Amino acid sequence: MKNKKLKEIILWVVIAVGIAAVVVAMIVAVTKQPSSSLSQGISSGDWTEGPKDAKVVLVEYSDFQCPACYYYYPMVKQLQADFPDQILFVYREFPLTQIHKNALIAAQAAEAAGKQGRFWEMHDLLFEKQSEWGESDNGIGYMIMYATDLNLNIDQFKQDMNSSDVANKIDNDISSGNNSHVQGTPTFFVNGKQIQNSQNYSGFKQIIQNALK
Amino acid sequence: MVHDEFKTLEEEEGKAKKNTILSVLLLIFSFFGFLDTLYLSVKEILASPVSCFIFQGCSQVLGSSYSKIFGLPLSFYGLIFYLAIFVLTIRYLESKKEKIIKWIFGLSILGILCAVYFLILQFAVIRAECVYCLFSVFNSTIIFVVSFVGFKRK
């Protein structure tokens, strides 16, 4: 009887230790995730918003069709509003074409709009209307509609969308993203260091404030 | 007479064996659920984003107003749920007390109800899916089915 009781105690101690070990292992695994740095610096080919000599350079690798990117879109806007003179925001294309069927044409549309000087307008429009065009079978039709809304030269826009120039820009962004170990979207880099996306605005703002110190 | 008794004993043994298989299934899936919710809980405490894959809605789901009850993230409750199933199952294996099956079954009903609710939330309300949450729905469904089978056999 006594022996049985002892066995029982040992069993539960072993289980408790086992569970504790799993918890510790999980914490270690999660905190050890390496953060990588940006492989390619900002160049004249990048789409940027904000002063060139800003203290904080915020680079986003993003996919116009990704819901999480849509979620961060207003946060970035808010950051730009809260730190107008201190953030240089850079947008790089990272379309996840395997899971988002219209991601690539959206990236092409933004780049083509950029050729006519309206990249950021298209960028905003694509995020704001993501639910409209995202899963549509007529993605191209929507892109042309948005280009029309932005008063772009449509013939030029269509031509640019399929140009090798635009394709190269997107490929270049994707490969610089891959080299920077971008694994999903959105991935942000603050002054060249990848950050852990915070789930709310105050966390994100704190990261920027820390970078400004 | 002797023959009959022998048969019952054999049946009893068969039943015990099947109960052990069911218990092992419970252990496996509650452990998976435990790992899943532990990951989310640790990420929540460290305020770092989860590595989202397959579905892209983790930030939306985990950042939504539905992701907390009484100020605590749902992953904490899930963690306690899976831990309770795990511990109760070991307790059952060790003591073979039938009433523990009842407790596990009761808990699993709670689990499946929550799972259905979370599924509706993700697909119909938030309209974003998170693979960790779906995995948890899967685990609690299996736990419900297994404990239902165990409960009916009792």
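Data block above holds the structure.
The following paragraphs examine the structure supplied in this document.

### Looking at the overall build of chain A
Now for step 1: Counting its regular elements, chain A contains 9 helices and 5 strands.
Now for step 2: The linear arrangement of helices and strands in chain A, starting from the amino end, is α-β-β-α-β-α-α-α-α-α-α-β-β-α.
Now for step 3: Computed over C-alpha atoms, the radius of gyration of chain A comes to 23 Å, more than 25% over the 17 Å expected from 2.2 N^0.38 for 213 residues, which places it beyond the range of a compact globule.
Now for step 4: For chain A, the spread of C-alpha atoms along the three principal axes comes to 90 × 45 × 30 Å.
Now for step 5: Among the 213 residues that make up chain A, the fraction classed as buried is 45%.
Now for step 6: Across chain A, every contact between residues at least 6 apart in sequence was considered, and the portion connecting residues at least 24 apart equals 78%.
Now for step 7: Put simply, chain A shows about 10800 Å² of open surface, and 54% of that area lies on carbon and sulfur atoms.
Now for step 8: Of the side-chain charges in chain A, 18 are positive and 22 negative, and the distance between the mean point of each set is 17 Å.

### Quick look at the state of the cysteines
Now for step 1: Inspection of the entire model under this criterion finds 1 disulfide over all chains.
Now for step 2: Residue A:Cys66 pairs covalently with A:Cys69 via a disulfide, S to S 2.4 Å. Disulfide A:Cys66-A:Cys69: torsion about the S-S bond near 95°, hence right-handed. One exposure class covers both A:Cys66 and A:Cys69, and it is buried.
Now for step 3: Between B:Cys114, a cysteine without a disulfide, and B:Cys133, which holds the nearest cysteine sulfur, the sulfur-to-sulfur distance is 13 Å.
Now for step 4: Taking the relative accessible area as the measure of exposure, B:Cys114 reaches 33% and is therefore partly exposed.
Now for step 5: With relative accessibility at 15%, the residue B:Cys133 sits in the buried group.

### Considering the layout of surface pockets
Residue and element names in this part refer to chain B.
Now for step 1: If you add up the space inside the largest pocket, you get close to 700 Å³.
Now for step 2: For the largest pocket, the lining is made up of 37 residues, of which Leu 74, Ser 75, Tyr 77, Gly 78 and Phe 118 are closest to its centre.
Now for step 3: Among the elements that line the lining of the largest pocket, the one with the most residues is helix H4 (residues 98-125), at 9 residues.
Now for step 4: Looking at the lining of the largest pocket residue by residue, the classes come out as 24 nonpolar, 10 polar and 3 charged.

### Regarding the side chain of A:Thr187
Residues and elements named next belong to chain A.
Now for step 1: The residue Thr 187 is located in strand E4 (residues 187-190) in this model.
Now for step 2: A polar contact of 2.6 Å, which involves the side chain of Thr 187, links it to the backbone oxygen of Gly 184.
Now for step 3: In this structure Thr 187 touches Val 59, Glu 60, Tyr 61, Val 182 and Gln 194, once residues within four positions along its chain are discounted.

### A word on the packing of aromatic side chains
Residues and elements named next belong to chain A.
Now for step 1: Counted under the stated rule, the structure contains 27 aromatic pairs over all chains.
Now for step 2: Pairing Trp 47 with Phe 119 gives two aromatic rings, centres 4.6 Å apart and planes at 5°, and the pair type is stacked. With Trp 47 in strand E1 (residues 47-49) and Phe 119 in helix H4 (residues 119-128), the pair connects residues that are 72 residues apart, well separated along the chain.
Now for step 3: Judged by its relative accessible area of 21%, Trp 47 falls in the partly exposed class.

### A look at the side chain of A:Ser176
Residues and elements named next belong to chain A.
Now for step 1: Along the polypeptide, Ser 176 turns up in helix H8 (residues 164-179).
Now for step 2: Taking relative accessible area as the criterion, Ser 176 reaches 2% and is therefore assigned buried.
Now for step 3: When neighbours within four sequence positions are excluded, Ser 176 is seen to be in contact with Ser 39, Gln 40, Tyr 61 and Arg 92.

### With respect to the pattern of salt bridges
Now for step 1: Here the structure, examined in full by the defined rule, presents 10 salt bridges over all chains.
Now for step 2: The partner of A:Lys77 in a salt bridge is A:Asp124, and the shortest N-O contact between them spans 3.2 Å. With A:Lys77 in helix H2 (residues 67-82) and A:Asp124 in helix H4, the pair connects residues that are 47 residues apart, well separated along the chain.
Now for step 3: Residue class for A:Lys77 comes out partly exposed when judged on its relative accessible area of 29%.
Now for step 4: Using a relative accessible area of 18% as the deciding quantity, one classes A:Asp124 as buried.
Now for step 5: In this structure, the salt-bridge partner of A:Arg118 is A:Glu121, at a minimum N-O distance of 3.3 Å.
Now for step 6: A cluster of three or more residues bridged by salt bridges with shared partners is formed by A:Glu8, B:Arg91 and B:Glu94.

### Re the packing of helix H6 (residues 139-149) of chain A against helix H7 (residues 154-161) of chain A
Residue and element names in this part refer to chain A.
Now for step 1: At a closest axis distance of 10 Å, the pairing of H6 and H7 adopts a crossing angle of 135°. Taken as axis vectors, H6 and H7 run oblique relative to one another. Both H6 and H7 take part in a crossing whose hand is right-handed. Contacts from Ile 140, Met 143, Ile 144, Ala 147 and Thr 148 of H6 reach H7 at Ile 154, Phe 157, Lys 158 and Met 161.
Now for step 2: Across the contact of H6 with H7, the residue classes tally to 7 nonpolar, 1 polar and 1 charged.

### Here we look at unusual backbone geometry
All names here are of chain A.
Now for step 1: Cis rather than trans, the peptide bond between Thr 185 and Pro 186 has omega equal to -10°.
Now for step 2: Residue position: Pro 186 is located in the loop between H8 and E4.
Now for step 3: The residue Asn 191 is not glycine, and still its phi comes out positive at about 50°.
Now for step 4: Tracing the chain through its elements places Asn 191 in the loop between E4 and strand E5 (193-194).

The rules behind each value
- Residues numbered from 1 in each chain as written.
- Chains lettered and ligands numbered in written order.
- Predicted model: local features only at pLDDT ≥ 70, side-chain atom pairs only at ≥ 80, totals over all residues.
- Heavy atoms only, no water.
- Helix = DSSP H or I, 4+ residues; strand = E, 2+ residues; numbered from the N terminus.
- Rg over C-alpha atoms; globule rule 2.2 N^0.38 Å.
- Buried < 20%, exposed > 50% of the residue type's maximum accessible area, 1.4 Å probe, protein only.
- Contact = heavy atoms within 4.5 Å.
- Areas by Shrake-Rupley, 256 points an atom, 1.4 Å probe, with all protein chains shown as cover.
- Lys, Arg positive; Asp, Glu negative; His and termini not counted.
- Charge placed at Lys NZ, Arg CZ, Asp CG, Glu CD.
- Disulfide = S-S within 2.5 Å.
- 1 Å grid on protein atoms, 1.4 Å probe; cavity = no way out; pocket = protein on both sides within 12 Å on 5 of 7 lines; lining within 4 Å.
- Points joined across faces, edges and corners; volume = space filled by probe spheres on them.
- Nonpolar A, V, L, I, M, F, W, Y, C, P; charged D, E, K, R; others polar.
- Polar contact = N/O pair within 3.5 Å; in protein donor to acceptor, adjacent residues only side chain to side chain.
- Phe/Tyr/Trp six-rings, centres within 6.5 Å; stacked < 30°, edge-to-face > 60°.
- Salt bridge = Lys/Arg side-chain N within 4 Å of Asp/Glu carboxyl O.
- Axes fitted to C-alpha atoms, helices over the stretch in contact; angles between N-to-C directions.
- Parallel < 35°, antiparallel > 145°, perpendicular 65-115°, else oblique.
- Left-handed = near helix turned anticlockwise from the far one by under 90°.

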